[in-house]
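Architecture at a glance
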Amino acid sequence: MRDLMAGTAYLGKGQRWVARNRRQWGFGLLPGLVTLAGYAAAVVCLALYADDAVAWATPFAGGWASPWSGLFRGALTVLLFGGGLLLALISFTAVTLLVGQPFYEELSARVDRAEGGDAPESGLPLWRELWISARESLAVLVRVAVWGVLLFALGFVPVAGQTVVPAIGFCVSGFFLTEELTAVALQRRGVPLRERLRLLRSRKLLALGFGVPLALLFLVPVVAVFVMPGAVAGATLLVRDLMGEEAAGDGAGAEDEDDLSRA
């Protein structure tokens, strides 16, 4: 239980860190706003053209007697739009992290410098870091999709499917959300995906304490945008715990905004 509470505490510490350093909060806000605008445009297009796409994909239903054609295509349109929204919710964090890789790496490095005076660097060129991040994010999304299919199937089990399974679903989402966010700091330390997962499994309650509350907040992408900079900062503090790195106290960790702006 101590790790569970510690994980939640790191989430709060990250939000307090960016609150003390407001310029860094604004700096970390940019990728989320760009991603949100892109997703909003995609959702609007999906809402406008989902019925046309379904009609194009089901020409065989055009000659069906009323009301079966309308009911069939209407159901497919709802499924298409709902699936698109679900995909948007699942992928939003990964895409935001990918778009904001340089921003979040710099924010994470500034947290490291504030806490310990040293910010590890991967030494890789930016294009290589982006490629590794995209590849590993895709691998995580595949794992999440596998879990999603399994939990969807278990959702049809009476009683447990409506109680236990949703709780497990939030735990799975929280764990992988923690992995995505800690990846920013761990990639700078040269830790590959397999090792990152091993580290988090060794401290499951710590990962869940950080990730599950975030998973609940991230159900609304607009909230995710404003929470993301603090989440990256908190994940960096959590990584320092996982790696056994010494950290300065809260007071020592705070940097003056002017000092950070010159960094």
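Refer to the structure printed above.
Rules and cut-offs
Residues numbered from 1 in each chain as written. Predicted model: local features only at pLDDT ≥ 70, side-chain atom pairs only at ≥ 80, totals over all residues. Heavy atoms only, no water. Helix = DSSP H or I, 4+ residues; strand = E, 2+ residues; numbered from the N terminus. Contact = heavy atoms within 4.5 Å. Areas by Shrake-Rupley, 256 points an atom, 1.4 Å probe, with all protein chains shown as cover. Patch = residues over 30% accessible without salt bridge, like charges linked within 9 Å, V, L, I, M, F, W, Y side chains within 5 Å. Salt bridge = Lys/Arg side-chain N within 4 Å of Asp/Glu carboxyl O. Lys, Arg positive; Asp, Glu negative; His and termini not counted. Charge placed at Lys NZ, Arg CZ, Asp CG, Glu CD. 1 Å grid on protein atoms, 1.4 Å probe; cavity = no way out; pocket = protein on both sides within 12 Å on 5 of 7 lines; lining within 4 Å. Points joined across faces, edges and corners; volume = space filled by probe spheres on them. Buried < 20%, exposed > 50% of the residue type's maximum accessible area, 1.4 Å probe, protein only. Phe/Tyr/Trp six-rings, centres within 6.5 Å; stacked < 30°, edge-to-face > 60°. Axes fitted to C-alpha atoms, helices over the stretch in contact; angles between N-to-C directions. Parallel < 35°, antiparallel > 145°, perpendicular 65-115°, else oblique. Nonpolar A, V, L, I, M, F, W, Y, C, P; charged D, E, K, R; others polar.

**Brief notes about the overall build of the chain**
- Secondary structure assignment for the chain yields eleven helices and zero strands.
- Looking at the chain alone, contacts between residues at least 24 apart form 80% of all its contacts between residues at least 6 apart.
- When the accessible surface of the chain is summed, it comes to about 13500 Å², and 71% of that surface belongs to carbon and sulfur atoms.

**Things to note about a positive patch on the surface**
- A contiguous patch of positive charge, built from Arg143, Arg194, Arg201 and Lys204, is present on the exposed surface.
- In this structure, Arg194 sits in helix H7 (residues 193-202).

**Concerning empty space enclosed by the protein**
- On inspection of all chains with the given rule, the structure shows one cavity of 30 Å³ or more.
- Reported here for the largest cavity is a volume of approximately 80 Å³.
- Lining the largest cavity, in full, are Leu97, Gln101, Ser133, Glu136, Ser137, Glu179, Glu180, Ala183, Val184, Gln187 and Arg196.
- Going through the elements one at a time, helix H5 (126-154) and helix H6 (164-188) are the ones with two or more residues in the lining of the largest cavity.
- With five residues, H6 is the largest single contributor of residues to the lining of the largest cavity.

**Focus: the environment of Leu217**
- Note that Leu217 resides in helix H8 (residues 204-217).
- Residue Leu217 is classed as partly exposed on the basis of its relative accessible area of 37%.
- In this structure Leu217 touches Val223 and Val227, once residues within four positions along its chain are discounted.

**Topic: the environment of Ala235**
- Tracing the chain through its elements places Ala235 in helix H9 (residues 221-242).
- Separated by 124 residues in sequence, Ala235 and Val111 place their C-alpha atoms 10.0 Å apart.
- Setting aside residues up to four positions removed in sequence, Ala235 forms contacts with Leu181, Thr182 and Phe210.

**Brief notes about the packing of aromatic side chains**
- Summed over all chains, the structure comprises five aromatic pairs.
- For the ring pair Phe60 and Phe72, a centre distance of 6.1 Å and an interplane angle of 55° mean the geometry is tilted. Of this pair, Phe60 sits in the loop between helix H2 (22-57) and helix H3 (68-99) while Phe72 sits in helix H3, placing them twelve residues apart in sequence.
- Ring centres of Trp64 and Phe72 lie 5.1 Å apart, and the angle between their planes is 50°; on these two criteria the pair is classed as tilted.
- Put simply, the rings of Phe60, Trp64 and Phe72 touch in pairs and so form one group of aromatic residues.

**A closer look at the packing of helix H1 (residues 2-20) against H2**
- For the pair H1 and H2, interaxial distance at closest approach is 4 Å and the crossing angle is 110°. Our classification of the angle between H1 and H2 gives roughly perpendicular. Residue-level inspection shows Trp17, Val18, Ala19 and Arg20 of H1 in contact with H2, the latter providing Arg22, Gln24 and Trp25.
- When grouped by side-chain class, the residues that make up the contact of H1 with H2 number four nonpolar, one polar and two charged.

**Notes on the pattern of salt bridges**
- The full count for this structure, using the stated rule, is nine salt bridges.
- With its nearest N and O atoms 3.2 Å apart, the salt bridge here joins Glu106 to Arg113.
- Its salt-bridge partner being Arg196, residue Glu179 comes within 2.8 Å of it at the nearest N-O pair. Highlighted residues: Glu179 in helix H6 and Arg196 in helix H7, separated in sequence by 17 residues.

**A few points about a nonpolar patch on the surface**
- A cluster of nonpolar residues, Trp25, Leu30, Leu33, Phe170, Leu216, Leu217, Leu219, Val220, Val222, Val223 and Phe226, forms a patch on the protein surface that exposes about 890 Å² of accessible area.
- Those elements that place two or more of their residues in the nonpolar patch are H2, H8 and H9.
- Within the fold, Val223 resides in helix H9.

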